[in-house]
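# Coordinate analysis (summary)
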Amino acid sequence: MKTEEKLKSKIFNTEMEFDLTVDYSKSLDEMIKDGHYEYGDNSINSTNFPVIKPFGQTDDIVRVIASIIKSEEQFGTYHCFDRVIQSIYKKGNRLANLAELLTFGKSHPLFQYQEQILCIGSLWYRNRIFGADSIAVSLGVCGVDRILNIHKVNGDFFYDHRHYILVVVE
């Protein structure tokens with residue numbers, strides 16, 4: 001089996017778990033630099049997305065077990081943001097935060113070549129003239145370049161079933 005086929009079969013196996021060691025003493029800029037991304041949206045900054053430890057966590061170095069879930073497998077092709085979050089927590093998981101996503105991207109860079117991976121545990125609420133948007137960070141690709149991008153996640157954002165969500169197994 002070719003390396004690409006092996007990788008594809010792994011990414012579609014949503015039962016995989018990833019051991020991550022997150023360093024909360026690093027700044028967001030340092031975490032992004034460590035990931036060696038060819039592009040990063042300039043909205044991804046510490047003002048819009050501050051690095052915050054999970055509730056109750058006091059250590060700077062934190063070990064977590066993460067998993068990737070495919071929205072279509074878990075929730076069908078059409079569902080709303082609130083129901084997705086409720087379902088993730090109901091299964092005993094929590095939403096991964098941005099530091100965990102960046103650690104995942106650094107540790108497992110090839111996974112983002114399959115589909116974009118969303119981090120809906122760290123959101124930026126961007127005000128607009130006609131309301132506000134909830135913005136998440138995603139790992140993805142543009143051509144062959146690994147990128148950090150932003151993605152609007154209001155309402156029924158999972159209508160496009162090609163989303164993966166990083167969660168932390170608790």
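Residues numbered from 1 in each chain as written. Predicted model: local features only at pLDDT ≥ 70, side-chain atom pairs only at ≥ 80, totals over all residues. Heavy atoms only, no water.

## Notes on the environment of serine 46
Tracing the sequence through the fold places serine 46 in the loop between β2 (39–40) and β3 (61–70). Separated by 19 residues in the primary sequence, serine 46 and serine 27 have C-alpha atoms spaced 8.1 Å apart. (Helix = DSSP H or I, 4+ residues; strand = E, 2+ residues; numbered from the N terminus.)

## Some remarks on the confidence of the model for the protein
Here the protein averages 82 in pLDDT, and 78% of its residues register 70 or above. Between residues 1–12, whose pLDDT stays under 50, and residues either more than four places distant or in other chains, the model counts 15 contacts. (pLDDT = per-residue confidence, 0-100. Contact = heavy atoms within 4.5 Å.)

## Digging into the packing of aromatic side chains
Per the counting criterion, the structure on display carries four aromatic pairs. For the ring pair phenylalanine 18 and phenylalanine 111, a centre distance of 5.2 Å and an interplane angle of 80° mean the geometry is edge-to-face. Of this pair, phenylalanine 18 sits in strand β1 (residues 17–23) while phenylalanine 111 sits in the loop between α5 (98–107) and β5 (117–128), and the two are 93 residues apart along the sequence. Owing to a relative accessible area of 8%, phenylalanine 111 belongs among the buried residues under this scheme. These aromatic residues form a ring-pair network of at least three members: Phe18, Phe104 and Phe111. (Phe/Tyr/Trp six-rings, centres within 6.5 Å; stacked < 30°, edge-to-face > 60°. Buried < 20%, exposed > 50% of the residue type's maximum accessible area, 1.4 Å probe, protein only.)

## Quick notes on the environment of alanine 99
Along the chain, the position of alanine 99 falls in helix α5. Separated by 67 residues in sequence, alanine 99 and isoleucine 32 place their C-alpha atoms 9.3 Å apart. Leaving out residues up to four positions away in the same chain, alanine 99 has contacts with Val22, Tyr24, Met31 and Val51.

## Digging into helix α4 (residues 81–90)
All of the buried residues in α4 are Phe81, Val84, Ile85, Ser87 and Ile88. Looking straight down α4, one finds its buried side chains confined to an arc of 165°; they lie on one side. Facing away from the buried surface of α4 by more than 90 degrees, the exposed residues are Arg83, Gln86 and Lys90. Two residues or fewer past α4, glycine 92 is found with a positive phi of approximately 85°. (Arc of directions from axis to C-beta.)

## Some points on unusual backbone geometry
Look at histidine 36: it is not a glycine, yet its phi comes out positive at around 55°. Of the residues examined, histidine 36 reaches a relative accessible area of 61% and is grouped as exposed.

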